[in-house]
Structures are given as structure tokens and as C-alpha cells.
Amino acid sequence: MHSTLTEHARCLYGDEYRPRPECALEHRESYFVEELTFADADAILAMMRELCPQVVDGHLPVWVRNLAYRLLLLQRPNEPVLIREAALNLSMHGPDWDDIAEDLKNRADALEAG
């Protein structure tokens, strides 16, 4: 088993910032999805910060990024900065989610307004 969610993602999807590590473990996307599903917010944030620090970069598939932010917002629903980050991710990766991104921005604004 990988020691961190980030390490698991790096082995499975690669990393544009450093070489893919040599790893003898079996890599199945379903194993990663299971680990991501039950990861705590800090582990998910660490993975996103390390593998996709600029939103438009990184090798994580868009569906993994969307799932990661969804899981983050379920765990931390009242953090405007994180909500805006999720909205930016959605708006950067396709117009299909523009309405959801706009709703997230409005939610962040409402939380800050109190």
C-alpha cells in the first residue's frame, strides 16, 4: 500500500514536476478511487497542492479533480477559499460545469457576507 494519497496518485497518473516513482505495487484506478473516497480533507488537499498547484497543470484527470473537490467540500462546507478554489477548477475544465461554478462562487460570497 502507498504511504499517502499523493504517492498513490503520482504512481497511477504521473507527475509533470518529477519522474514517476518506481513502484512494485499493483495500480488499479478502482483502488485509488476507494482511497480518495475515504481520505480526509488534509490528505486530499495535499494531493491537489502537490500534483496540481496551478489548477491548469498536473496529470490528474479532470474527473479525479472534480471528485476530489466534491469530497473536500463535503468535509469542509463552510470554507469560502476552498469553495472558490473548487469553482475555479470547474470553470477551468469545461463549460459543462459553469453553472455549478457560479453557484459555488455565490455560496462563498454568502458565507463571507455572513
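Values in this document were obtained by computation on a predicted structure and should not be read as measured data. (Residues numbered from 1 in each chain as written. Predicted model: local features only at pLDDT ≥ 70, side-chain atom pairs only at ≥ 80, totals over all residues. Heavy atoms only, no water.)

Trainee: If you had to explain the environment of D40 to someone new, which residues and values would you point to?
Mentor: One can find D40 in the loop between α2 (29-37) and α3 (41-51). Overall, the relative accessible area of 44% leaves D40 in the partly exposed class. A distance of 2.8 Å separates the side chain of D40 from the backbone nitrogen of A43, its partner in a polar contact. (Helix = DSSP H or I, 4+ residues; strand = E, 2+ residues; numbered from the N terminus. Buried < 20%, exposed > 50% of the residue type's maximum accessible area, 1.4 Å probe, protein only. Polar contact = N/O pair within 3.5 Å; in protein donor to acceptor, adjacent residues only side chain to side chain.)

Trainee: Could you give me a rundown of the nonpolar core, with the residues and numbers involved?
Mentor: One finds F32, L36, I44, M47 and L60 to be the most contacted residues of the largest nonpolar core, which totals 29 residues. Those elements giving two or more residues to this core turn out to be α1 (5-13), α2, α3, α4 (62-75), α5 (80-92) and α6 (98-113). Ignoring anything within four residues of it in the chain, the contact list for M47 reads L5, T6, A9, F32, L36, C52, L60 and A68. (Core = buried A, V, L, I, M, F, W, Y, C linked by side-chain atoms within 4.5 Å. Contact = heavy atoms within 4.5 Å.)

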